[in-house]
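What follows is each chain in one-letter form.
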Amino acid sequence: MKQPNNKYNMIQEILEKTESEVAKMSPVNILIAGKTGVGKSTLINNVFREKLADTGIGKPVTKHLRRITKEGIPIVLYDTRGLELEQKVQKQVMKEILDLVEEKKNTKDALHAVYYCIQANSSRIEDMEIELIKEISSILPVILVLTQSIGKPADEFNRYLENMNLPVAAVQNVMSEPYEISDDYVIPRFGLKQLIEKTLQLIPKESKEAFTNAQQADIERKAKVARRWASRYVATTFGVGFAPIPFSDASILVPMQVTLLAHITAIFGISMDKATIVSIIAAVGGTGSATMIGKTLVANAFKFIPGAGTIIGGIISGTTASIVTSALALSYIEVLSIIATKEKEGESIDLGLLERLMRSQFKKNLKLNRKELKTKDLEFENDDALNDAYNTYTELEDEQSSIPKSAKLKKVVQNFIKKHKR
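Note that the structure is predicted; figures quoted are calculated from it, not measured.

1. Topic: the overall build of the protein chain
- Within the protein chain, the secondary structure is distributed over 17 helices and 11 strands.
- In the protein chain, buried positions account for 50% of the 422 residues.
- Nonlocal contacts in the protein chain, meaning residues at least 24 apart in sequence, comprise 74% of its contacts between residues at least 6 apart.
- Carbon and sulfur atoms make up 52% of the accessible area of the protein chain, which amounts to about 20200 Å² in all.

Structure, rendered in structure tokens:
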């Protein structure tokens, strides 16, 4: 890989490599079925990122099927439009589904699963609908998604469907969006993470990474997948035959770290522009050239890694390089988790706070011992690391909101002058 000449080019390379990683993913293809008005679009917009049902390109493929895609999101959805239960319409829809499945079979566009949506508060399923579900289940795995699942009746409807022993893969109650009962009481969204888990059990292995990228309902899962990949990458890159290098040559770490950060970004599948990545990388690499980032990272690490500062001649061992790169990966994942959460909730992101968060988490992760670095990706039943990142960002937000506007403006001007003097 060509060594980047400056930090801006490094950022561009991260973005280009991220696009390349996403392009290589085997897309996941899902059929969304159900009668009109059961909440299919709401489900799609809350399970998948970037309001896919509203902003994706919906292209009619048949009279009753619409293909929904969006550039940069490795998923294809087929939505049944205007599905009613008249026998004539049902037969036509089923024929269109059969033809689609047959046409795409044994290709990268093959359908993997079906979400059949039923409104839970209807508490009933008609015979015609049962027949349609059975027919679809004979060719594709089906998850019955009970939308708008409010209260005890929804749970009872779930049990009723389970007892029917329909040939489906699963039945899942969901509340796609928070439901306001009163000004003082709101039922939070639920069931989406379980739907993600059940879907991953059905789709082929080669499409799991694409599904992780496309979904936004389970940010912790994205972080878990990214951590596991990063830990394997670091172990392979630095654990096998990584020769010690002089501190002055620390810039050779940069190409490896570009690959690392690009793959993590691809796993998360969030909208990242150059300014965002510049802010995050600047937190640990300073504002110098890209060739200095490796040196800056290691120099920062020397302060926190026991014994590293006493290395004669500034020799960087494989272990030191591994610790530095692991800390970089873990911190980057924690910051992306914040970005993904804010993006999902439609909230704005403060780049200055992200920079401070990245610097804070990097220092903390450098102090972890080797055992913690290896096992941190498994600490997900009670993930203190992500909770710490969320809490730190919230504290930074609260701290910033308490600063007078005049002081904030003065700080912005000072930073601008400082950066443009270099």
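2. Topic: the environment of Leu386
- Summarising the element assignment, Leu386 is placed in helix α16 (residues 384-401).
- Spatially, the C-alpha atom of Leu386 lies 9.0 Å from that of Val335, the residues being 51 residues apart in sequence.

3. Observations concerning unusual backbone geometry
- Here Glu50, not a glycine, exhibits a phi torsion of approximately 60°, which is positive.
- The topology assignment puts Glu50 in the loop between α2 (40-47) and α3 (52-55).
- The backbone of Gln148 sits at a positive phi, close to 50°, despite the residue not being glycine.
- Take Gln148: it is sitting in the loop between β6 (142-147) and α6 (151-163).
- With a relative accessible area of 32%, Gln148 lands in the partly exposed category.

4. Here's the deal with the pattern of salt bridges
- This structure, assessed with the given rule, holds 21 salt bridges.
- In this structure, Glu355 engages Arg359 in a salt bridge whose closest nitrogen and oxygen atoms are separated by 3.2 Å. Of the two residues, Glu355 and Arg359 are both situated in helix α14 (residues 351-366); the distance of 4 residues between them amounts to about one turn of the helix.
- On the basis of relative accessibility, which here comes to 31%, the residue Arg359 falls in the partly exposed class.
- Each of Lys35, Arg124 and Glu126 takes part in a single network of salt bridges with overlapping partners.

5. Some thoughts on the pairing of strand β2 (residues 57-60)
- Bridge count between β2 and strand β3 (residues 65-70): 4 bridges; the pairing is antiparallel. If you follow Ile57 over to β3, its bridge partner there is Thr69.
- A loop of 4 residues connects β2 with β3, the two strands running antiparallel in sequence.

6. Brief notes about α16
- Compared with the 26 Å implied by 1.5 Å per residue over 18 residues, the 25 Å span of α16 between its first and last C-alpha is a close match.
- Buried within α16 we find Ala385, Leu386, Ala389, Tyr390, Thr392, Tyr393 and Leu396. Along α16, the residues classed as buried sweep out an arc of 160° about the axis, all on the same side. Exposed positions of α16 whose direction lies more than 90 degrees from the buried face are Glu395 and Ser401.
- Looking at the buried residues of α16, the elements they touch are α9 (219-239), α13 (318-344) and α14.

7. A few points about the packing of helix α10 (residues 253-268) against α13
- For the pair α10 and α13, interaxial distance at closest approach is 10 Å and the crossing angle is 30°. Accordingly, the angle class assigned to the pair α10 and α13 is roughly parallel. Crossing of α10 against α13: the hand is right-handed. Where α10 abuts α13, its residues Leu253, Gln257, Leu260, Leu261, Ile264, Thr265 and Phe268 lie against Ala321, Val324, Thr325, Leu328, Ala329, Tyr332, Ile333, Leu336, Ser337 and Ala340.
- Here the contact of α10 with α13 is composed, by residue class, of 13 nonpolar, 4 polar and no charged.

8. Observations regarding the side chain of Lys222
- Here Lys222 lies in helix α9.
- Here Lys222 is buried and forms no salt bridge, its nearest opposite-charge partner Glu343 lying at an N-O distance of 7.7 Å.
- When near neighbours in sequence (up to four residues on either side) are disregarded, Lys222 contacts Thr212, Asn213, Gln215, Gln216, Ile267 and Phe268.

9. Regarding the sheet that holds β2
- Judged by pairing direction, the sheet is mixed, and its 7 strands sit side by side in the order β2-β3-β4-β1-β5-β6-β7 without closing on themselves. The strands lining the two open edges of the sheet, one partner per strand, are β2 and β7 (170-173). Averaged over all pairs of adjacent strands, the angle between strand axes in this sheet comes to 25°, irrespective of strand direction.
- Bridge count for strand β5 (residues 113-119) against β6 is 6 bridges, and the pairing is parallel. What sits directly across from Ile118, in β6, is Leu146.
- The sheet contacts of α6 involve β5, β6 and β7, and relative to β7 the element is tilted by about 175°.

10. Some words on the confidence of the model for the protein chain
- In this model, the protein chain carries an average pLDDT of 83, and 80% of its residues clear a pLDDT of 70 or more.
- The low-confidence segment residues 286-292 (pLDDT under 50) makes 16 contacts with residues lying over four places distant or belonging to another chain.

11. A short note on the nonpolar core
- Within the largest apolar cluster, 53 residues are counted, with the highest numbers of intra-cluster contacts made by Ile264, Phe268 and Leu336.
- When residues of this core are traced back to their parent elements, those giving at least two are α1 (7-24), α9, α10, α11 (274-285), α13, α14 and α16.
- With 12 residues, the single largest contributor to this core is α13.
- When sequence neighbours within four positions are dropped, the list of residues in contact with Leu336 reads Ile264, Thr265, Phe268, Ile270, Met272 and Ile280.
- Within the second largest apolar cluster, 31 residues are counted, among which are Tyr78, Val93, Met94 and Leu144.

What counts, and where the lines are drawn
Residues numbered from 1 in each chain as written. Predicted model: local features only at pLDDT ≥ 70, side-chain atom pairs only at ≥ 80, totals over all residues. Heavy atoms only, no water. Helix = DSSP H or I, 4+ residues; strand = E, 2+ residues; numbered from the N terminus. Buried < 20%, exposed > 50% of the residue type's maximum accessible area, 1.4 Å probe, protein only. Contact = heavy atoms within 4.5 Å. Areas by Shrake-Rupley, 256 points an atom, 1.4 Å probe, with all protein chains shown as cover. Salt bridge = Lys/Arg side-chain N within 4 Å of Asp/Glu carboxyl O. Pairing = 2+ DSSP bridges. Expected span 1.5 Å × (residues − 1). Arc of directions from axis to C-beta. Axes fitted to C-alpha atoms, helices over the stretch in contact; angles between N-to-C directions. Parallel < 35°, antiparallel > 145°, perpendicular 65-115°, else oblique. Left-handed = near helix turned anticlockwise from the far one by under 90°. Nonpolar A, V, L, I, M, F, W, Y, C, P; charged D, E, K, R; others polar. Lys, Arg positive; Asp, Glu negative; His and termini not counted. pLDDT = per-residue confidence, 0-100. Core = buried A, V, L, I, M, F, W, Y, C linked by side-chain atoms within 4.5 Å.

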